[in-house]
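What follows is each chain in one-letter form.
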Amino acid sequence: MKQTHCGANTRIWRACGYVRLSREDGSQEESGSIAGQKALIHDYFRLHDDLSDCGIIADDGYSGSCFDRPGFLELLAEVRAGTVDCIVVKDLSRFGRNYLEAGEYIEKIFPLLGVRFIAIQDNYDSENSNPSFDRLIIPFKNLINELYCRDSSIKIRSQLAAKRRRGEFTGAFAVYGYQKDPVQKNHLIADRFAADVVRDIFHWKLEGISSADIADRLNADGILPPMDYKKSQGIRFATPFRKNVYSSWSAAAILRILKNPVYTGVLEQGKYTTPSYKVKKRICVPREEWSVTAGVHEAIIDPLVFASVQKALAMDTRTSPGARALELFSGMVYCGECGAAMIRKTVPSGGKKYVYYICAAHKNYKTCSAHSMRDTVLQELVFSDLQTQICAVIGTRKLQQLAETALAYHTENQKLQERLQKKKEETERYLRLLHSLYESLQDDMIDTDEYQKMKKRYSICYTQAMEQAEKLEQQLEQKNAVNKSGWLQQLKASGRLPALDRIGAVTLIERIFLFAGKRIEIIYSWKDAL
């Protein structure tokens, strides 16, 4: 039976409920949940004839320490538009836990806007309030709510810090290449499909392929970028890096992967923080204060490969005009006389083109002597010296171990088979969407315009997926289980270096110095042993 009976002149308030639940409140009993709050408010509406139910607006997963919440801002917009003049909440803590802002709204802003405010379980109704009593009790309750928020923030921060020190993963989403362990959510395990993509990215970088070209290759092969891949796995994932409606691989995304030590089994956490529970702006934490733990999860990239890639990234990564990959010694060759970089210069002669390394300081400023060396001669000298060093210093066994770490963990065919299977699943999904779309049109769930737009979009995606699947099938036929790590595979089998490519150069050589008189000096990656 309703508690309030409206007479002829009783005002009818356009009432809107507001509910909120933050992550720190998530362990509360069911009555404190979003569903419990909504049920309480709906019951309150039914018991009061002077309240016209205008619905309920929710902020699920938002802290009460600030009022910059999408649901609350929507509620204020409704108030200013004149469609709502009464706000009903379960209690004052659901409205907010910021003592000053909550008091500002209840005591000043709402009265100024002509808004009636009701907190059910706190027995507060601004229309039937006792001013002398409320001036003491309401601010006191708001203060208690803020203290609760501050206490919860301190506890959560300390718990997260302890987990990071123990090497437990505390992120909301696993980095691309990994997934959260279903048994232990604070532990990362390799995602086989995505991990193989990460290995390819590192391998291509060692080959001298630029980050932009790696991104283009992945897009052409139909490999889903990190965000879309996570969504295809059923994960509710969002990222600040997305800029377009349809995401794709980019050079920036490739660089984030190449520079992340997580792939070597190292967790770097606690890089960012917020000044307090009231201020949500992220600030950088000094590196010496990060939580860094090694060996806490499976490494999908060998530390040697990771170190070689970091060295490659630090070098000059510009490719020659029209080339898709870096030159063999790009970023490694320096002048032994002045220390400046040696640059490549093409010299035409007799209808042919010859490439020489010349000192940049001499070319630009004439501050060094005029000495040069042809690229093919340099390659022969370096390769010959490398073979000598292998026999004299490293030995066959050590070099075979070096090759073992750099070899791919799965054959090319296995990876192609997995990608083909994923692409077939994608085509089947778009086909099902097209069928269900027609059924929705028949059942009047969507109109003709919506049907045509969605059909066009799904048809394009389906066609692209089919073309990419056919391309993968063609690659499978051509590869026939051939591993791409050519010289490494031969090195592992024979103990001899058959040739030198970009991967070998980046892995084995630090710098090459060219002196006048055609003399060279090579600094190898094992210089400490020398």
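Criteria and thresholds
- Residues numbered from 1 in each chain as written.
- Predicted model: local features only at pLDDT ≥ 70, side-chain atom pairs only at ≥ 80, totals over all residues.
- Heavy atoms only, no water.
- Helix = DSSP H or I, 4+ residues; strand = E, 2+ residues; numbered from the N terminus.
- Buried < 20%, exposed > 50% of the residue type's maximum accessible area, 1.4 Å probe, protein only.
- Contact = heavy atoms within 4.5 Å.
- Areas by Shrake-Rupley, 256 points an atom, 1.4 Å probe, with all protein chains shown as cover.
- Core = buried A, V, L, I, M, F, W, Y, C linked by side-chain atoms within 4.5 Å.
- Pairing = 2+ DSSP bridges.
- Axes fitted to C-alpha atoms, helices over the stretch in contact; angles between N-to-C directions.
- Salt bridge = Lys/Arg side-chain N within 4 Å of Asp/Glu carboxyl O.
- Expected span 1.5 Å × (residues − 1).
- Phe/Tyr/Trp six-rings, centres within 6.5 Å; stacked < 30°, edge-to-face > 60°.

Topic: the overall build of the protein
Here is step 1: Counting its regular elements, the protein contains 17 helices and 17 strands.
Here is step 2: For the protein, with 530 residues in total, the buried portion stands at 42%.
Here is step 3: A sequence separation of at least 24 residues applies to 67% of the contacts in the protein between residues at least 6 apart.
Here is step 4: Accessible area of the protein: about 29000 Å², with a carbon and sulfur share of 51%.

Considerations on the nonpolar core
Here is step 1: Formed by 62 residues in total, the largest nonpolar core has its most connected members in Y176, F202, W249, Y263, F329 and I509.
Here is step 2: With 9 residues, the single largest contributor to this core is helix α6 (residues 192-206).
Here is step 3: Residues contacting I509, with those up to four places away along its chain left out, are K311, F329, M332, V382, L500, G504, I522, I523, Y524 and S525.
Here is step 4: In terms of nonpolar packing, the next biggest core, distinct from the first, is built from 21 residues, C16, I57, L76 and I106 among them.

Here we look at the sheet that holds strand β2 (residues 51-60)
Here is step 1: Reading across from one edge, β2-β1-β3-β4-β5 is the order of the 5 strands in this open sheet, with mixed pairing throughout. Edge strands, defined here as strands with exactly one partner in the open sheet, are β2 and β5 (124-125).
Here is step 2: Looking at chain direction, strand β4 (residues 116-119) and β5 are connected through 2 bridges and run antiparallel. Counted as the bridge partner of A119 is Y124 from β5.
Here is step 3: Across the sheet, helix α2 (residues 70-81) lies against β1 (13-21), β2 and β3 (86-89), angled at about 150 degrees from β2, the strand it touches most.

Observations concerning the sheet that holds strand β14 (residues 352-359)
Here is step 1: Taken in spatial order, the 3 strands make up an open sheet running β13-β14-β15, and their pairing is antiparallel. The open sheet has two edge strands, β13 (342-349) and β15 (372-374), and neither has a second partner. Taken over all neighbouring pairs, the strand axes of this sheet differ in orientation by 35 degrees on average, direction set aside.

Digging into the pattern of salt bridges
Here is step 1: Scanning the entire structure with this criterion turns up 14 salt bridges.
Here is step 2: Here R116 and D50 are joined by a salt bridge, their closest N and O atoms 3.0 Å apart. Of this pair, R116 sits in strand β4 while D50 is found in the loop between α1 (34-47) and β2, placing the two residues 66 residues apart along the sequence.
Here is step 3: The partner of R166 in a salt bridge is E168, with the nearest N and O atoms 2.9 Å apart.
Here is step 4: Here the salt bridges share partners, and the residues they tie into one network are R11, R14 and D85.

Things to note about α1
Here is step 1: With 14 residues, α1 extends 20 Å from end C-alpha to end C-alpha; this agrees with the ideal 20 Å at 1.5 Å per step.
Here is step 2: The complete set of buried residues in α1 reads I34, G36, Q37, I41, Y44 and F45.

Digging into the environment of Y462
Here is step 1: Summarising the element assignment, Y462 is placed in helix α15 (residues 448-479).
Here is step 2: In this structure the C-alpha to C-alpha distance between Y462 and L434, which are 28 residues apart in sequence, comes to 9.1 Å.

Thoughts on the packing of aromatic side chains
Here is step 1: Under the criterion given, the structure shown has 20 aromatic pairs.
Here is step 2: Measuring from ring centre to ring centre gives 5.8 Å for Y176 and Y229, while their planes differ by 80 degrees; the resulting arrangement is edge-to-face. Here Y176 is found in the loop between α5 (131-165) and β6 (178-180), whereas its partner Y229 is found in helix α8 (residues 226-232), with 53 residues between them in sequence. The exposure classification of Y176 matches that of Y229, with both residues buried.

Side note on the pairing of strand β17 (residues 519-524)
Here is step 1: Direction of pairing for strand β16 (residues 509-515) relative to β17: antiparallel, over a ladder of 6 bridges. Each residue of the ladder has a partner; that of I512, found in β17, is I522.
Here is step 2: In textbook terms, the turn of a hairpin is the stretch between consecutive antiparallel strands, and for β16 and β17 this stretch comprises 3 residues, one of which, G517, has a positive phi near 85 degrees.

Topic: unusual backbone geometry
Here is step 1: Positive phi outside glycine occurs at K366, with the angle close to 60 degrees.
Here is step 2: In this fold, K366 is placed in the loop between α11 (360-365) and β15.
Here is step 3: Residue class for K366 comes out exposed when judged on its relative accessible area of 59%.
Here is step 4: Of note in this structure, K518 is not a glycine but carries a positive phi near 65 degrees.
Here is step 5: Residue position: K518 is located in the loop between β16 and β17.

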